[in-house]
Amino acid sequence: MIISQTPYRVSFAGGGTDLPSFYQKEMGAVLSVGLSQHMYVTVSPRFKASTRVAYTKTEIADSIEQIEHTIAREALRMTELGKHLEITTIGDVPSGTGLGSSSSLAVGLLNALNAYKGQITSPQKLAEQACQIEIDILKKPIGKQDQYAAAYGSLNYIRFHANNSVDVEPVPYQPETLRELEARTLLLYTAQQRSADDILLKQSAGTQRQDTFAVLREMRDLADEMRKVISGNGDIDQFAELLHAGWL
């Protein structure tokens, strides 16, 4: 049995600049951190010549094409795996809570399936494959930050370029800086769940407006400022002021 553990993420600043409507005109950038909340995927052999996929429901399919879970179906296609497999997914947090759960699932499933084949896959490759599934194949109107945040984990400054390349720069910090940030941060469950697709479609369309584009540019620049604070003096009060400015 193969078990993968993939983090959810929180984005501090720069969200929206990872959409092609922005980064194909100017470089996008986000500052994000992996959480100690995870998506777990197990892949194990199945005696019967079918595929069993268990998530909020359970599917047993005689062919990949019959699998309703879109990410599972396309990940199996991509890795050229299929029958005689049991796949289960378990999340610490419900989907639709804004923590990038679908991308954590895509990355975790690809990681587990590749490992089942005896292949160790780099974080860069996992993120690229997850983007290919979610954006290119399934045509989700999402950006690229979630896949890279899930694949790399930890605290990163992620840049998105017009040629579709992505740079992930780990942010150096003092251990006490991260401990203080964690101690002074509350992440609350609101009992609300929603699909981000409709929201991101509107956001992408809104990027065409000059005033909205200018605001996104400011949010990208805030991500860089926050990165410098964390890796520099570690002043969490200053970090909080920048975070507040980003939300405004």
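Thresholds, definitions, all that
Residues numbered from 1 in each chain as written. Predicted model: local features only at pLDDT ≥ 70, side-chain atom pairs only at ≥ 80, totals over all residues. Heavy atoms only, no water. Axes fitted to C-alpha atoms, helices over the stretch in contact; angles between N-to-C directions. Helix = DSSP H or I, 4+ residues; strand = E, 2+ residues; numbered from the N terminus. Parallel < 35°, antiparallel > 145°, perpendicular 65-115°, else oblique. Left-handed = near helix turned anticlockwise from the far one by under 90°. Contact = heavy atoms within 4.5 Å. Nonpolar A, V, L, I, M, F, W, Y, C, P; charged D, E, K, R; others polar. Core = buried A, V, L, I, M, F, W, Y, C linked by side-chain atoms within 4.5 Å. Buried < 20%, exposed > 50% of the residue type's maximum accessible area, 1.4 Å probe, protein only. Expected span 1.5 Å × (residues − 1). Arc of directions from axis to C-beta. Polar contact = N/O pair within 3.5 Å; in protein donor to acceptor, adjacent residues only side chain to side chain. Pairing = 2+ DSSP bridges. Phe/Tyr/Trp six-rings, centres within 6.5 Å; stacked < 30°, edge-to-face > 60°.

Trainee: I'd like to hear about the packing of helix H3 (residues 101-116) against helix H4 (residues 123-137), residue by residue, with values.
Mentor: For any two helices packed against each other, the geometry is given by the interaxial angle and the distance between the axes. With their axes 9 Å apart at the nearest point, H3 and H4 run at an angle of 120° to one another. Our classification of the angle between H3 and H4 gives oblique. Seen from above, H3 lies across H4 with right-handed handedness. Touching Ser102, Ser103, Ala106, Val107, Leu110, Asn111 and Asn114 of H3 are Leu126, Gln129, Ala130, Ile133 and Glu134, all from H4. The residue makeup of the contact of H3 with H4, split by class, is 6 nonpolar, 5 polar and 1 charged.

Trainee: A description of the nonpolar core should follow, citing residues and the corresponding values.
Mentor: Counting residues in each nonpolar core, the largest one holds 57 residues, and the members touching the most others are Phe12, Leu31, Val41, Leu76, Leu109, Leu113 and Phe239. For phenylalanine 239, the contacting residues outside a window of four places in its chain are Phe12, Leu31, Leu181, Met226, Val229 and Ile230.

Trainee: Can you tell me about the side chain of threonine 89, naming the residues and giving the values?
Mentor: Topologically, threonine 89 is positioned in strand S5 (residues 85-91). Not counting chain neighbours up to four residues away, the residues in contact with threonine 89 comprise Met39, Tyr40, Val41, Ala54, Tyr55 and Leu105.

Trainee: Please give an account of helix H9 (residues 236-247) that cites residues and values.
Mentor: Between its first and last C-alpha, H9 extends 16 Å over 12 residues, near the 16 Å set by a 1.5 Å rise per residue. Restricting attention to buried positions, one finds in H9 the residues Ile236, Phe239 and Leu242. Taken down its axis, H9 places every buried residue within 115° of arc, on the same side. Buried residues belonging to H9 abut strand S1 (2-13), strand S2 (28-45), helix H6 (175-183) and helix H8 (210-231). Looking at where H9 begins, the residue whose side-chain oxygen comes 3.0 Å from the main-chain nitrogen of aspartate 237 is aspartate 235.

Trainee: Report on the pairing of strand S4 (residues 58-61), specifying residues and quantitative values.
Mentor: Judged by which residues are buried, S4 turns out to be one-sided: Glu59 and Ala61 face inward and are buried, whereas Thr58 and Ile60, on the alternate face, are not. As paired strands, strand S3 (residues 51-54) and S4 are joined by 4 bridges and run antiparallel to one another. Paired with arginine 52 across the two strands is isoleucine 60, which belongs to S4. The antiparallel pairing of S3 with S4 creates a hairpin that spans 3 residues between the two strands.

Trainee: Kindly report on the packing of aromatic side chains, identifying the contributing residues and their values.
Mentor: Across all of its chains, the model carries 3 aromatic pairs by this definition. Both rings, one in phenylalanine 12 and one in phenylalanine 239, keep their centres 5.2 Å apart while their planes meet at 85°; by these two values the pair is edge-to-face. Here phenylalanine 239 lies in helix H9 and phenylalanine 12 lies in strand S1, a separation of 227 residues in the sequence. Judged by centre distance (4.5 Å) and plane angle (25°), the rings of phenylalanine 22 and phenylalanine 213 are stacked. With phenylalanine 22 in helix H1 (residues 20-23) and phenylalanine 213 in helix H8, this pair connects stretches of sequence that are 191 residues apart. Grouping residues by exposure puts phenylalanine 22 and phenylalanine 213 together as buried.

The values reported here are purely geometric and, on their own, carry no functional implication.
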